[in-house]
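What follows is each chain in one-letter form.
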Amino acid sequence: MLSAVERKIEQFVGELNDKEVVSLYRKLPQGKRLRAKLILKIAGTSLSAIKTAAVVEMIHAASLLHDDVIDDAYTRRSKPSLNALYGNKTAIMLGDILYSKGFFELNNISADIAKIVSNAVTQLSLGELKDVSLSKTFNSSREMYLDMIYQKTASLIEASAGAAAVLAGKPKETYMVYGRNLGLAFQMIDDLLDITSDAETLGKPVLHDFMEGKTTLPYIYLYEVLDEAGQQKLVSLHGKVLSSSEQNWIKVEMEEKQILMKCFSQAKELIEEAVELMNSHGETALSGIAMEMIERDF
């Protein structure tokens, strides 16, 4: 039924009656549609569920458009990003249009759904701001990192699960815990893949996050176990283009100190909790989606 979600998004965008917006939207990569999949698995394929899934994916697309501008990212899934093709102003305005249309359509679903999703978008925006602030210097705080990824990534996945549960008459809080765990683990695995995967698979340079100023969990854990000289070296490399020897030093230190396995174990723990929770409610399909989070390579 994801095709029904795609058609609904196209309908919403078409209703704007603007050929340029329609053309620009069609150039965006569709991605995994994780949030739509969750909503349909939890709530079924009613019109309200399809509309909610469409709105959430529009909001997610808008956030990625803004992200690419903030991060000066010129590729998205190995293809030129919209800001690379048409400039930052166009990307920002398309993002604003998708946000605005999404909020308008939420009002036609229900007040409860609108509150859940709009609150998540507030959290998402706060998380984007926090991400920018944290990127200015090396961040050694695990708590600040976890708060940021909850707001920026997990909050919308949490809201997707919660909104779907409301539509289906299922316990909202239970499904929101599932969505939160899924979102946190999703971002943790993304941060790991930035270090362990190759540039061709990622669609961006390896260690790109660290070079653009992001201090993700592996670097925080590495900082905690390095001696003072090692800590100073790691901080000195933050936010700069790394030579192959500097990249190799980071990778070797992480391997020797088992940092990557520690981060993976933390993500796996969140997923196992989500799986156990869903299995207890007979939601084996949702358990399967959760397991895919820690088995993916992109």
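You'll find the structure just up there.
To keep things clear, this report deals only with the structure shown in the data block. (Residues numbered from 1 in each chain as written. Predicted model: local features only at pLDDT ≥ 70, side-chain atom pairs only at ≥ 80, totals over all residues. Heavy atoms only, no water.)

Our next topic: the packing of aromatic side chains. By the definition in use, this model includes three aromatic pairs. By the ring-pair criterion, three or more aromatic residues cluster together here, those being F138, F210, Y219 and Y223. Against the face of Y221 rests K262, its NZ or CZ located 4.2 Å from the ring centre. (Phe/Tyr/Trp six-rings, centres within 6.5 Å; stacked < 30°, edge-to-face > 60°. Lys NZ or Arg CZ within 6 Å of the ring centre and 35° of its normal.)

The next subject is the nonpolar core. Grouped together as the largest cluster of nonpolar side chains are 97 residues, with contacts concentrated most on L98, Y178, L182, Y219, L234 and I250. In terms of residues, this core owes the most to one element, helix α4 (residues 47–70), which gives twelve residues. Ignoring anything within four residues of it in the chain, the contact list for Y178 reads L38, A161, A274, L277, M278, L286, I289 and A290. (Core = buried A, V, L, I, M, F, W, Y, C linked by side-chain atoms within 4.5 Å. Buried < 20%, exposed > 50% of the residue type's maximum accessible area, 1.4 Å probe, protein only. Helix = DSSP H or I, 4+ residues; strand = E, 2+ residues; numbered from the N terminus. Contact = heavy atoms within 4.5 Å.)

Let us now look at a negative patch on the surface. Taken together, the side chains of E269, E272, E273 and E276 define an acidic patch exposed on the protein surface. Within the secondary structure layout, E272 lies in helix α15 (residues 259–279). For E272, a relative accessible area of 43% puts it in the partly exposed group. (Patch = residues over 30% accessible without salt bridge, like charges linked within 9 Å, V, L, I, M, F, W, Y side chains within 5 Å. Areas by Shrake-Rupley, 256 points an atom, 1.4 Å probe, with all protein chains shown as cover. Salt bridge = Lys/Arg side-chain N within 4 Å of Asp/Glu carboxyl O. Lys, Arg positive; Asp, Glu negative; His and termini not counted. Charge placed at Lys NZ, Arg CZ, Asp CG, Glu CD.)

Moving on, we get to the packing of α15 against helix α16 (residues 284–293). Pairs of packed helices are described in terms of their axes, by the angle between the two and the distance that separates them. Where α15 meets α16, the closest approach of the two axes is 8 Å, and the angle between their N-to-C directions is 170°. Taken together, the axis directions place α15 and α16 in an arrangement best described as roughly antiparallel. Contacts between α15 and α16 involve I271, V275, M278 and N279 from the former and T284, L286, S287, A290, M291 and M293 from the latter. (Axes fitted to C-alpha atoms, helices over the stretch in contact; angles between N-to-C directions. Parallel < 35°, antiparallel > 145°, perpendicular 65-115°, else oblique.)

Take E57: it is sitting in helix α4. Of the residues examined, E57 reaches a relative accessible area of 2% and is grouped as buried. Along the sequence, E57 and P29 sit 28 residues apart, while their C-alpha atoms lie 12 Å from each other. Ignoring sequence-local partners within four residues, the contact set of E57 consists of I9, R33, L34, R35 and A36.

Think of it this way: side chains of opposite charge can pair up when their charged atoms draw near. Enumeration according to the criterion identifies 13 salt bridges in this entry. Of the charged contacts in the structure, one is a salt bridge between K101 and E105, with a shortest N-O distance of 2.7 Å. With K101 and E105 both in helix α6 (residues 88–106), this residue pair falls four residues apart, about one helical turn. E105 carries the same exposure label as K101, and that label is buried. The salt bridge involving K214 is made with D131; its shortest N-O contact spans 2.7 Å. Within this pair, whereas K214 is found in the loop between α11 (208–211) and α12 (217–225), its partner D131 is found in helix α7 (residues 111–134), the two being separated by 83 residues in sequence. Among the residues examined, K214 registers a relative accessible area of 12% and is labelled buried.

Under the 1.5 Å per step criterion, the end-to-end length of α15 is 30 Å for 21 residues, consistent within 8% with the ideal 30 Å. Within α15 the residues assigned to the buried category are I259, L260, C263, A267, L270, I271, A274, V275 and M278. Viewed along the axis of α15, the buried residues span an arc of 150°, placing them on a single side of the element. Residues of α15 that are exposed and angled more than 90 degrees away from the buried face: M261, E269 and E276. Considering only its buried residues, α15 is in contact with α9 (172–196), α12, α14 (244–256) and α16. (Expected span 1.5 Å × (residues − 1). Arc of directions from axis to C-beta.)

Its 24 residues place the ends of α4 35 Å apart at the C-alpha level, agreeing with the 34 Å of an ideal helix rising 1.5 Å per residue. The buried count for α4 comes to 19 of 24 residues, which makes it a mostly enclosed element. Two residues or fewer after α4 comes D72, characterised by a positive phi angle close to 55°.

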